[in-house]
Amino acid sequence: MIKLYGLGLSFNVSKVRYCLNHLNLQYEWVQTNPIAGENRAEEYLKLCPTGKVPAIDIDGFTLFESNAINRYLAVANNSPLYPQDNKKRAVIDAWMDYASIHVGQALGRVLFNRVFAPMTGQKSDEESVRVGLEFLDKYFPVLEKQLSQNPYLAGRDMSLADLNLLAILDPCELAQIKTIDQYPSLKKWRAGLKAQPFYQKCYKDYSQFVMEAMNAKAGK
Ligand SMILES: N[C@@H](CCC(=O)N[C@@H](CS)C(=O)NCC(=O)O)C(=O)O
């Protein structure tokens, strides 16, 4: 039995849900809310020493870090999302790293300060937003070029790199990162993946889902 720990608002959790859905794996979702501090509970830290979400527990085998989890799931299920060929894997890894380390960090600055800081009563840092947007203006053209030359991020075939970037870009609308609309290949690639069952099983659109959750909480 697979147990997934995390909160629906977390795009790192979405990433693992996309992978589980794509692999047609059944799982129990154990709601673990970092905003409520549930990721700091002693029981949770036993399965995830970093206290971050997501984490998984597969019949007692526990793992954290969304990309490591997705690699494990894909390899364990012999999925073409992470093919056996070493060079193909290396290229997928390179794009996964680029998306997580560069795009994700820049986008995270904007998302945190525009959405999560106000949501949790923390102070927003406008300078951090500015820096994040400046970096995204460098990174989006790289993604656009790659996707104008290839149907998927790591080349001809859909891979874990696509699931990773898709989840990272999901909050663009929520965080009002309007520059994303300037890139037609990136836009087409996102729309194509968002229409697929693995995504639609989670929600129709991440930003819409978060807005609805926030409004429900505020009793609107
Ligand atoms: N590199 C990690 C990032 C995980 C992460 O930052 N999770 C956030 C939610 S998106 C979290 O748990 N934040 C709570 C905290 O840091 O206390 C991954 O890919 O799994």
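Look a little higher up for the structure.
Residues numbered from 1 in each chain as written. Predicted model: local features only at pLDDT ≥ 70, side-chain atom pairs only at ≥ 80, totals over all residues. Heavy atoms only, no water.

1. Focus on the site of the ligand
Part 1 of the argument: Around the ligand lies a shell formed by Ser 10, Asn 12, Pro 34, Asn 39, Lys 52, Val 53, Pro 54, Glu 65 and Ser 66.
Part 2 of the argument: Take Asn 39: an N or O atom from its side chain is 3.0 Å from an oxygen atom of the ligand.
Part 3 of the argument: A distance of 2.7 Å separates an oxygen atom of the ligand from a polar atom in the side chain of Lys 52.
Part 4 of the argument: Here the ligand loses 69% of its free accessible area of 510 Å² to cover by the protein chains.
Part 5 of the argument: Here the residues of the shell around the ligand sort into three nonpolar, four polar and two charged. (Near = heavy atom within 4 Å. Polar contact = N/O pair within 3.5 Å; in protein donor to acceptor, adjacent residues only side chain to side chain. Areas by Shrake-Rupley, 256 points an atom, 1.4 Å probe, with all protein chains shown as cover. Nonpolar A, V, L, I, M, F, W, Y, C, P; charged D, E, K, R; others polar.)

2. Focus: the packing of helix α1 (residues 11–22) against helix α6 (residues 160–169)
Part 1 of the argument: It is at 8 Å that the axes of α1 and α6 come closest, and there the two elements cross at 145°. As α1 runs across α6, the sense of the crossing is right-handed. Where α1 approaches α6, its residues Phe 11, Ser 14, Lys 15, Tyr 18 and Cys 19 are matched on the opposing element by Leu 160, Leu 163, Asn 164, Leu 166, Ala 167 and Ile 168.
Part 2 of the argument: When its residues are assigned to classes, the contact of α1 with α6 shows eight nonpolar, two polar and one charged. (Axes fitted to C-alpha atoms, helices over the stretch in contact; angles between N-to-C directions. Helix = DSSP H or I, 4+ residues; strand = E, 2+ residues; numbered from the N terminus. Left-handed = near helix turned anticlockwise from the far one by under 90°. Contact = heavy atoms within 4.5 Å.)

3. A few points about helix α5 (residues 126–149)
Part 1 of the argument: The first and last C-alpha atoms of α5 sit 35 Å apart over 24 residues, in line with the 34 Å expected at 1.5 Å per residue.
Part 2 of the argument: The largest bend along α5 reaches roughly 25° and is located at Asp 137, with the proline Pro 141 sitting one to four residues downstream.
Part 3 of the argument: Restricting attention to buried positions, one finds in α5 the residues Ser 128, Val 129, Val 131, Gly 132, Leu 136, Tyr 139, Phe 140, Leu 143, Glu 144, Gln 146 and Leu 147.
Part 4 of the argument: A side-chain oxygen of the first residue of α5 lies 3.0 Å from the backbone nitrogen of Glu 127; this N-cap is Asp 125. (Expected span 1.5 Å × (residues − 1). Bend = angle between axes of the 7 residues up to and from the residue. Buried < 20%, exposed > 50% of the residue type's maximum accessible area, 1.4 Å probe, protein only.)

4. What to know about α1
Part 1 of the argument: For α1, which comprises twelve residues, the first-to-last C-alpha distance of 16 Å matches the rise-based estimate of 16 Å (1.5 Å per residue) to within 8%.
Part 2 of the argument: In terms of burial, α1 is a largely internal element, ten of the twelve residues being buried.
Part 3 of the argument: Taken together, the buried positions of α1 are Phe 11, Val 13, Ser 14, Lys 15, Val 16, Arg 17, Tyr 18, Cys 19, Leu 20 and Asn 21.
Part 4 of the argument: One or two residues past the end of α1 sits Asn 24, with phi positive at roughly 60°.

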